[in-house]
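Analysis of the macromolecular model
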Amino acid sequence: MQLSKAGWETMVQIQRDAFREARPIQATFELTPRCGLNCRMCYVHLLADRIPKEEGKRELTAAEWLCIGEETARMGVLQLCVTGGDPLCHPQFKEIWEGLSQMGFRITLQTNGFSLTENLLELLERYPPQEAKITLYGASNDIYGQVCRGEGAFDRVERGIQSLRELGIPIQMVTTFVKQNLAEAQAIADYARTHGSPELPWYYSTACYPSLRGADSQALECALDPWTLGCTESTAQSWQQEPFMRDDKKPCQYCKSYRTGYCVVWNGDMRFCMFLDEPRISTLNQSLEECWRQLLEFQENLRWPPECYTCEIRDKCRRCVAMLACPSGGLGKLDRGYCERTRKILGETPVDC
């Protein structure tokens with residue numbers, strides 16, 4: 001549903017108030033690392049036999065998710081994104097979705113559409129999401145096979161998209177471009193713009209990070225670089241003319257949900273970024289309010305790697321916490337390859353920071 005001008009102004013004011021008060025109004029529940037596909041660049045997917053069973057590492061049950069949902073609602077969260085892996089693959093998705101849908105959230109369902117069955121479509125007809133965000137990685141079975149390693153995957157995804165459209169559920173398409181699907185970029189764009197909802201424009205990126213969370217990721221082999229895309233000149237010009245990073249800002253201040261949102265990953269840990277494997281703030285043995293307090297404290301104390309504070313191009317380097325942590329193996333570390341690539345983009349000679 002598209003908001004009116006007054007509705008947008010109200011949402012902007014709510015966002016400002018939430019930021020000022022450090023009060024969460026948005027949350028993401030990552031129900032499971034399971035998925036019907038096996039995308040080369042995925043940072044979370046685990047095969048069912050690789051999902052740990054021990055306390056603190058296992059998938060949460062429907063009852064546990066609904067408990068977290070109730071606390072989330074009491075904290076005043078308005079927008080909830082349900083994702084995975086593919087959330088449809090959680091063994092108790094039906095119970096979780098029914099419960100969360102009746103808690104008053106504005107819910108977005110994020111899925112690849114591959115595992116939509118008749119039973120699940122009937123469930124979504126009874127409890128429709130405000131919108132469905134569909135990951136679209138190709139416009140043919142061949143490209144889907146190369147990216148997602150699933151036979152006949154595009155046909156199944158397309159059937160899922162068409163079924164959601166028939167239910168009147170607004171659809172936003174989201175694409176990550178990698179080496180395997182770049183040749184089909186125009187076809188993907190055409191499909192997304194034709195089959196998505198006009199009020200929910202197609203979103204795409206080239207963000208492709210190695211997994212810190214145990215997924216069998218081939219992100220480094222898949223990732224595109226600016227030279228492949230032919231945009232180094234415009235990128236360099238933008239970074240040079242509009243320095244973005246400031247010494248007086250903390251790393252998490254560049255995060256979209258800073259002070260206003262959190263995610264709970266499949267084992268119950270609260271985090272501010274799903275690409276990371278920390279902090280490990282368990283929601284299972286303390287209140288969500290206490291978890292939120294700890295998350296805010298963690299974010300306020302987080303700093304860039306030491307080298308970033310003395311690097312002469314630190315104001316032009318468009319970095320984020322995950323962008324540095326994932327290739328280097330964790331927070332507080334720095335992959336020199338990233339520094340060299342950034343210098344090359346800016347036309348600098350690669351030297352040590």
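Up top is the structure these notes are about.
These lines cover the structure that appears in this document, whether it is placed above or below.

Here is what the cut-offs are and how they apply
- Residues numbered from 1 in each chain as written.
- Predicted model: local features only at pLDDT ≥ 70, side-chain atom pairs only at ≥ 80, totals over all residues.
- Heavy atoms only, no water.
- Helix = DSSP H or I, 4+ residues; strand = E, 2+ residues; numbered from the N terminus.
- Contact = heavy atoms within 4.5 Å.
- Polar contact = N/O pair within 3.5 Å; in protein donor to acceptor, adjacent residues only side chain to side chain.
- Salt bridge = Lys/Arg side-chain N within 4 Å of Asp/Glu carboxyl O.
- Buried < 20%, exposed > 50% of the residue type's maximum accessible area, 1.4 Å probe, protein only.
- Expected span 1.5 Å × (residues − 1).
- Arc of directions from axis to C-beta.
- Pairing = 2+ DSSP bridges.
- Right-handed = clockwise from strand over helix to strand, strands pointing away.

1. Thoughts on the environment of Thr-111
- In this fold, Thr-111 is placed in strand E3 (residues 106-111).
- For the pair formed by Thr-111 and Ile-96, sequence separation is 15 residues and the distance between their alpha carbons is 15 Å.
- Setting aside its immediate chain neighbours within four residues, Thr-111 contacts Asp-86, Leu-88, Lys-133, Ile-134 and Thr-135.
- A polar atom in the side chain of Thr-111 sits 2.9 Å from the side chain of Asp-86.

2. Brief notes about the pattern of salt bridges
- Taken as a whole, this structure holds 19 salt bridges when the rule is applied.
- Note that Asp-17 is salt-bridged to Arg-20, the shortest N-O span being 3.0 Å. Of this pair, Asp-17 and Arg-20 both sit in helix H1 (residues 5-21), three residues apart, which is roughly one turn of that helix.
- Among the ionic pairs, Arg-271 bridges to Asp-269, the shortest N-O distance being 3.4 Å. Accessibility classification places Arg-271 together with Asp-269 in one group, the buried group.
- Several salt bridges share partner residues, and in doing so they unite Asp-17, Arg-20, Glu-21 and Arg-23 into one network.

3. Details of unusual backbone geometry
- Cis geometry marks the peptide bond from Glu-278 to Pro-279; its omega dihedral reads 0°.
- Positive phi, close to 50°, is recorded for Ala-22, a residue that is not glycine.
- Tracing the chain through its elements places Ala-22 in the loop between H1 and strand E1 (26-30).
- Positive phi is not limited to glycine here, since Arg-259 has a value of about 70°.
- Within the secondary structure, Arg-259 is located in the loop between helix H10 (232-241) and strand E7 (261-264).

4. Let's talk about H1
- Taking 1.5 Å of rise per residue, the 17 residues of H1 would be expected to cover 24 Å, and the 24 Å separating its terminal C-alpha atoms lies within 8% of that figure.
- Where H1 is concerned, the buried positions are Gly-7, Asp-17 and Ala-18. Looking straight down H1, one finds its buried side chains confined to an arc of 100°; they lie on one side. Opposite the buried face of H1, at more than 90 degrees from it, the exposed residues are Lys-5, Trp-8, Arg-16 and Arg-20.
- At the C-terminal side of H1, Ala-22 shows a positive phi close to 50°.

5. With respect to the pairing of strand E5 (residues 171-176)
- Counting buried residues along E5, six of its six residues qualify, which places the element largely inside the surrounding structure.
- Judged by which residues are buried, E5 turns out to be covered on both faces: Ile-171, Met-173 and Thr-175 on one side and Gln-172, Val-174 and Thr-176 on the other are all buried.
- As judged from the four bridges shared by strand E4 (residues 131-135) and E5, these two strands associate in the parallel manner. By the bridge assignment, Ala-132 is partnered in E5 with Ile-171.
- Looking at chain direction, E5 and strand E6 (residues 203-205) are connected through three bridges and run parallel. Across the sheet, the residue bridging to Thr-175 is Tyr-204, located in E6.
- Of the crossover connections in this fold, the one passing from E5 over helix H7 (residues 185-195) to the parallel E6 is right-handed.

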